[in-house]
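Observations on the model geometry
The lines below spell out each chain.
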Amino acid sequence: MASSSPDEPPAKETPGAECPIYEEVICLDRAEQNQRLAVEELIKTEASYVHTIELCVCDIRVHLQQKQLPDIDLEGLFSNIDDVLCVSKRFLKGLEATVSQEPEQLLLISALFQEFKEEMESVYKVYCACYEQALLLVESYKKDPRLQQEIVETLNTTVPHTGASDLSFFLVMPVQRVTKYPLLLQKILENTSAGDNAYSALQSAASAMLEINANINEYKRRKEVATKYSKVEHLTLRERLGRLNKHSIAKKTTRLSRLFMHEAGIVPKTEDKEFDHLEEKFQFLASGVTELKENVTSYLNNLQVFLLSKPQECELEMEGSAQQYRRLAGMLHRTIFPEFRRRLDRLVYQPLCSLSETLKGPQQLIRKRLDKLLDYEEIEEKKSETGNVTYDEEATMNTYLAINTLLVSELPTFNQVAMQWLGQILRSLVALQRDLAKQVLQEAEIELAQLPHSHLPLPTFWKMVKDTFSQSGAQLNSFCQKFETVMPSPVVQPLSPAEERRVLSLVNKHGPEKLYQVTSNISGSRDLDLTLQRGQIVALLHEMDTKGNTNRWLVDAGGHRGYVLAGKLQPYHLVQNQKPRMQMLAPDAGAERRRHSYTLPETTRPQALITPPAFQVVAGYAFTARSPHEVSLQAGQPLTVLEPHDKKGSKEWSLVEVNRQRGYVPSSYLMMVPTQELGGWSLPAWSLPTQQT
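Residues numbered from 1 in each chain as written. Predicted model: local features only at pLDDT ≥ 70, side-chain atom pairs only at ≥ 80, totals over all residues. Heavy atoms only, no water.

1. Topic: the confidence of the model for the protein chain
Averaged over all residues, the pLDDT of the protein chain is 80; the fraction at 70 or higher stands at 83%. Under a pLDDT of 50 for its full length, residues 1-18 has, in the predicted model, 0 contacts with residues more than four places off or in other chains. Low confidence marks residues 577-613, where pLDDT is under 50. Its contacts with residues over four positions away, or in another chain, come to 90 contacts. (pLDDT = per-residue confidence, 0-100. Contact = heavy atoms within 4.5 Å.)

So, in structure tokens, the structure goes:
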């Protein structure tokens, strides 16, 4: 009994000891089963998701494309869903390959998520950022009964089993799928023992998917900020003024003062070498596109003007080759050049305009970045002083960081794509020019083969051309000499009384040697330019403008002073008519003799009588120059007024020349005094101004 009693208690305790072990085994089996179910759910839902996306791409979108509805933006609706489908199909193939490798399946699934992390983020962030815009398009199509009917018909035809009534049922699936990956991995992880060798790998995969979703949300926020500030608004002046308020004025003033301090070196600029390098490339690209667009526009306009001429319809005095020339010119003007212009517009100009429009968004965003950078620096300075910022100031700082990060991350790709786009445009331009040259050469060779001299050796042909030109030149010279001999002398045209008084005023002020006549109409297009008519007489004041340009002369038109092109002036001198007090203008001997009929016959031309000015401008008071731009005067000192105003147009200062020095003096210090009148010229009776202007 004593020996048996110790053995009995263990026999009684055996069922009680096996019960926790049994329950643990049951729990392990249940967790393993749940784990297996979670893995199956991951694979099956991925297969269903890929199948739905394939329906969306291969059936729905293709059906809508076949309808050719111009009001439906398929690219805006489906975005980069092709890239999403491509990555998802490869990912599904990898998941299905893990089924046959049961012991290592969890490790393979974790490694697969890590392998596709970057690709998933790159495709899903673009799709999710464009998803809101796609929903707006869907809502706009619902308001159009015709478009909505076409979309519903497409859905009923391609995917009737889904019961979907609009496209949003399919468009939301990629957004839902990328957010479900962390949940599926977390479900697998919950049913995996912490001691399992795949536990840490699953944790890393779940963290990677959470990081992808966080990055997608951040990218979406940056895109929203960029979309807000990259819009190019065309506002009138009234609309711009209507947006001004106390807050906006204060903000713009702060930015402007900050910018001035940057330029003056008072405060340092925030340097971002990476962005500066990218911006430099972008601005160089933008300026090149703008210049190329202007040149192509000018090329198209000149080509259109060229096509308006029809030389093949003119009567040409050409010996033997007129018929060939008419055929060649007709072919060029009717077929080759019009077709070239159409192709140039379609293949070069229109893509160039599209590229130029595409550049406006980034240009606007770069300008906004500078504004936000100035705000950011101001808030950073305040934060360093006070230690805290307001909620709005924190939002402003985040806006700058979002814009800067987005530009730094996307400008390299944008610059590369834009350069490829521009390169393709240039290649198209070169190909069009080559085709044009080839077509013209082919047509020209056909016509040249029918010319009488087409079979001559090249040296003989060029000798014949030179001899022909020499003979034609001799004939032209003989004709000009004969023309000068037989043509009568031009008839003198008297000046009108008003014109005579104006010319006399110019002579009295500046002398007859300063007179010039306008050879063609002049339309002033720049500041201080004059608009003059052909034949009008002016007086030369200075043979260059204030910037030293000798092609623009300062002249006095008898009341108004300003600049004109020197090439449109020719010198004139005065002659005296037989009638008393009636003066004529004649071209200078060195100018074109018969361009205007103002000269008298050589035998009756008397010597011109030159008179000094009737009034002289002198300094009424002494003046001491205070800067290099001014000149000193002595009271009573004679001087010449070059401009009755300064560079800004103010008449308080006048540009004068005294003792071969030029500079500005106060206009109120100048006065006019009469001089002794000599014989030979008599001044008409009209009142002169009391002050030179």
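2. As for helix H5 (residues 117-142)
When the terminal C-alpha atoms of H5 are compared, their 36 Å separation across 26 residues agrees well with the 38 Å that a helix rising 1.5 Å per residue should span. The sharpest bend along H5 comes to roughly 40°, located at Tyr131. (Helix = DSSP H or I, 4+ residues; strand = E, 2+ residues; numbered from the N terminus. Expected span 1.5 Å × (residues − 1). Bend = angle between axes of the 7 residues up to and from the residue.)

3. Considering the sheet that holds strand S9 (residues 653-658)
Strand order in the open sheet formed by 3 strands is S8-S9-S10, and the pairing between neighbours is antiparallel. The open sheet has two edge strands, strand S8 (640-643) and strand S10 (661-666), and neither has a second partner. Averaged over all pairs of adjacent strands, the angle between their axes in this sheet comes to 40°, without regard to strand direction. (Pairing = 2+ DSSP bridges. Axes fitted to C-alpha atoms, helices over the stretch in contact; angles between N-to-C directions.)

4. Some remarks on the side chain of Asp646
The topology assignment puts Asp646 in the loop between S8 and S9. One polar contact links the side chain of Asp646 to the main-chain amide nitrogen of Ser650, over a distance of 2.7 Å. (Polar contact = N/O pair within 3.5 Å; in protein donor to acceptor, adjacent residues only side chain to side chain.)

5. Re empty space enclosed by the protein
Over the atoms rolls a probe the size of a water molecule, and its path tells where empty space is left. Tallied over the entire structure, the rule returns 2 cavities of 30 Å³ or more. What the second largest cavity holds in volume is close to 40 Å³. Around the second largest cavity, the lining residues are Ile336, Glu339, Phe340, Arg343, Leu432, Asp435, Leu436 and Gln439. Mapped onto the lining of the second largest cavity, the elements with two or more residues apiece are helix H13 (322-386) and helix H14 (391-448). Of the residues in the lining of the second largest cavity, the class split is 4 nonpolar, 1 polar and 3 charged. (1 Å grid on protein atoms, 1.4 Å probe; cavity = no way out; pocket = protein on both sides within 12 Å on 5 of 7 lines; lining within 4 Å. Points joined across faces, edges and corners; volume = space filled by probe spheres on them. Nonpolar A, V, L, I, M, F, W, Y, C, P; charged D, E, K, R; others polar.)

6. Quick word on the packing of H5 against helix H8 (residues 173-190)
For the pair H5 and H8, the least separation of the axes is 10 Å and the interaxial angle reads 135°. With respect to H8, the axis of H5 lies oblique. Judged by the twist between their axes, the crossing of H5 over H8 is left-handed. Each of Met120, Tyr124, Tyr127, Cys128 and Tyr131 in H5 lies in contact with H8, whose residues at this interface are Pro174, Val175, Arg177, Val178 and Tyr181. Residues that form the contact of H5 with H8 fall into these classes: 9 nonpolar, no polar and 1 charged. (Parallel < 35°, antiparallel > 145°, perpendicular 65-115°, else oblique. Left-handed = near helix turned anticlockwise from the far one by under 90°.)

7. A look at the side chain of Gln148
Looking at where Gln148 falls in the secondary structure, it is placed in helix H6 (residues 145-158). The contacts of Gln148, once residues within four sequence positions are left out, are Tyr141, Lys142 and Ser165.

8. Describing the pairing of strand S4 (residues 561-565)
S4 sits mainly inside the fold: 4 of its 5 residues count as buried. Pairing between strand S3 (residues 552-556) and S4: 5 bridges, direction antiparallel. What sits directly across from Val555, in S4, is Gly562. In this structure, the hairpin formed by S3 and S4 is closed by a connection of 4 residues, where Gly558 is found at a positive phi of approximately 85°. (Buried < 20%, exposed > 50% of the residue type's maximum accessible area, 1.4 Å probe, protein only.)

9. Overview of the pattern of salt bridges
Scanning the entire structure with this criterion turns up 30 salt bridges. In this structure, the salt-bridge partner of Lys67 is Glu153, at a minimum N-O distance of 3.7 Å. Taken together, the residues Lys67 in helix H1 (residues 8-67) and Glu153 in helix H6 connect sequence positions 86 residues apart. Glu153 sits in the partly exposed class, given a relative accessible area of 40%. Glu218 serves as the salt-bridge partner of Arg222, at 3.3 Å between the closest nitrogen and oxygen. (Salt bridge = Lys/Arg side-chain N within 4 Å of Asp/Glu carboxyl O.)

10. So, H6
Working note: α-helix, 3.6 residues per turn, so residues spaced by three or four point in the same direction. The terminal C-alpha atoms of H6, which comprises 14 residues, lie 20 Å apart, in line with the 20 Å expected from a rise of 1.5 Å per residue. Within the span of H6, buried status applies to Leu147, Gln148, Ile151, Thr154, Leu155 and Thr158. One side of H6 carries all its buried residues, which in axial view fall inside an arc of 125°. When the buried face of H6 is taken as reference, the exposed residues oriented beyond 90 degrees from it are Pro145 and Gln149. (Arc of directions from axis to C-beta.)

11. Here's the deal with the pairing of strand S1 (residues 515-518)
Residue alternation in S1 divides its side chains into two sets, Leu515 and Gln517 and Tyr516 and Val518, and both sets are buried. Direction of pairing for S1 relative to strand S2 (residues 537-542): antiparallel, over a ladder of 3 bridges. By the bridge assignment, Leu515 is partnered in S2 with Ala539.

12. Some points on a nonpolar patch on the surface
Residues Leu237, Leu241, Leu244 and Ile249 make up a contiguous nonpolar surface patch of about 400 Å² in total accessible area. By secondary structure assignment, the location of Ile249 is in helix H11 (residues 246-264). Taking the relative accessible area as the measure of exposure, Ile249 reaches 45% and is therefore partly exposed. (Patch = residues over 30% accessible without salt bridge, like charges linked within 9 Å, V, L, I, M, F, W, Y side chains within 5 Å. Areas by Shrake-Rupley, 256 points an atom, 1.4 Å probe, with all protein chains shown as cover.)

13. Observations regarding unusual backbone geometry
With a phi close to 55°, Gln68 is a non-glycine residue in the positive phi region. Within the fold, Gln68 resides in the loop between H1 and helix H2 (74-78). Unusually for a residue other than glycine, Arg660 sits at a positive phi of about 65°. Summarising the element assignment, Arg660 is placed in the loop between S9 and S10.

14. A few points about the environment of Leu303
For Leu303, the location among the structural elements is in helix H12 (residues 273-308). For Leu303, a relative accessible area of 7% corresponds to the buried category. With 37 residues separating them along the chain, Leu303 and Phe340 place their C-alpha atoms 9.7 Å apart. Setting aside residues up to four positions removed in sequence, Leu303 forms contacts with Phe337, Phe340 and Arg341.

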